[in-house]
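Structural overview for review
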Amino acid sequence: MKVSEAIFLQSNTEYEKCPKPDKPEYAFIGRSNVGKSSLINTIVQKKGLAKTSQTPGKTQLINHFLIDQKWYLVDLPGYGYAKISKTEREKFESMIHNYLSNRENLLYTFVLVDIRHEPQKIDMEFINRLGEEGIPFCLVFTKADKLSKTAADRNVALYQEKLLETWEEMPQFFVSSSVNGSGRDEILRTINELNIEFKG
């Protein structure tokens, strides 16, 4: 699947103000500083579409991008902010949860986790909440270029082991790198398959 055009549409704090739900939609979310913006830019092959930053928590709104006039890519705020107040954190969590629970054309949520780390409590809590609420999602392990294949496989296996303590099977997952582009084709292939099935 080739991406020819990626356009920023709008930013919102409420799912009700998002674009008309007439196209398939895919959300990307992960802990702050997981490499989300870099991965989005790699997927659409448009440098600078999603704003990257050395400061965690740069994304603070529900950001919609229109891809090839056919589907929406949504850049969501990261979870697990370290440098904001409890009130602000609760506001972000409510905004994200309302969007994920109520956006009717949201087909899949791509949950990004840093492959360099063993399963993190905050990631597991977020993943389990999606499962409990029946929100379709998959995992995307980011920054695979930072580890050897052996080390990367080991950390993926640790996630599998942890998830299978409570899950019947491992959710679909991708191993990616915004540096060498690995995982991009597989993610786009999945999106394309879901686009074909979408009934607006």
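First things first, this report covers the structure right here in the doc. (Residues numbered from 1 in each chain as written. Predicted model: local features only at pLDDT ≥ 70, side-chain atom pairs only at ≥ 80, totals over all residues. Heavy atoms only, no water.)

1. Some thoughts on the overall build of the protein chain
As a reminder, the rule being used: By definition, any uninterrupted DSSP run of H or I lasting at least four residues is a helix, any uninterrupted run of E lasting at least two residues is a strand, and each is numbered from the N terminus. In this description the radius of gyration comes from C-alpha coordinates, and the expected globular size is given by 2.2 Å times residues to the power 0.38. Only protein chains enter the calculation, and the probe is 1.4 Å; a residue is then buried if its accessible area is under 20% of its type maximum, exposed if over 50%, and partly exposed in between. Here, two residues are considered to be in contact whenever any of their heavy atoms come within 4.5 Å of each other. Reported accessibility uses the Shrake-Rupley method at a 1.4 Å probe radius. Residues are deemed covered only where the shown protein chains occlude them.
Counting its secondary structure elements, the protein chain contains five helices and seven strands. Helices and strands appear in the protein chain in the N-to-C order β-β-α-β-β-α-β-α-β-α-β-α. Taken over C-alpha atoms, the radius of gyration comes to 16 Å for the protein chain, in line with the 16 Å a tight globule of 200 residues would show. A total of 200 residues make up the protein chain; the buried ones form 47% of that total. Partitioning the contacts of the protein chain with sequence separation of at least 6, the portion at a separation of at least 24 is 76%. With an accessible surface of roughly 10,500 Å², the protein chain has 47% of that area assigned to carbon and sulfur atoms.

2. Describing the packing of aromatic side chains
Which entries qualify depends on this criterion: In summary, the pairing rule links any two rings of Phe, Tyr or Trp, Trp by its six-membered ring, whose centres are within 6.5 Å, and it sorts them by plane angle into stacked for under 30 degrees, edge-to-face for over 60 and tilted for everything else.
One pass over the structure, following the stated rule, counts 10 aromatic pairs. Each ring, one from Tyr26 and one from Trp71, has its centre 5.6 Å from the other, and the planes form 80°; the classification is edge-to-face. Remark: Trp71 occurs in strand S4 (residues 71-75) and Tyr26 occurs in strand S2 (residues 25-30); sequence separation between them is 45 residues. Judged on exposure class, the residue Tyr26 and its partner Trp71 are both buried. Ring centres of Tyr108 and Phe110 lie 5.6 Å apart, and the angle between their planes is 85°; this geometry places the pair in the edge-to-face category. Residue classification places Tyr108 among the buried residues on the basis of a relative accessible area of 12%.

3. Notes on the nonpolar core
Going by this rule: For the purposes of this section, nonpolar cores are sets of buried Ala, Val, Leu, Ile, Met, Phe, Trp, Tyr and Cys residues that join through side-chain atoms within 4.5 Å.
With 29 residues, the main nonpolar core has Leu76, Tyr99, Leu100, Val111, Leu139 and Phe141 as its most contacted residues. Elements with a contribution of two residues or more to this core: S2, helix H2 (86-102), strand S5 (106-114), helix H3 (121-132), strand S6 (137-142) and helix H4 (149-163). With five residues, H2 is the single largest residue contributor to this core. Look past the residues within four positions of Val111 in its chain and what remains in contact with it is Ile29, Tyr79, Phe126, Ile127, Leu130, Phe137, Cys138, Leu139 and Val140. One finds Val3, Ala6, Val44 and Leu73 within the second-largest nonpolar core, a separate group that totals 24 residues.

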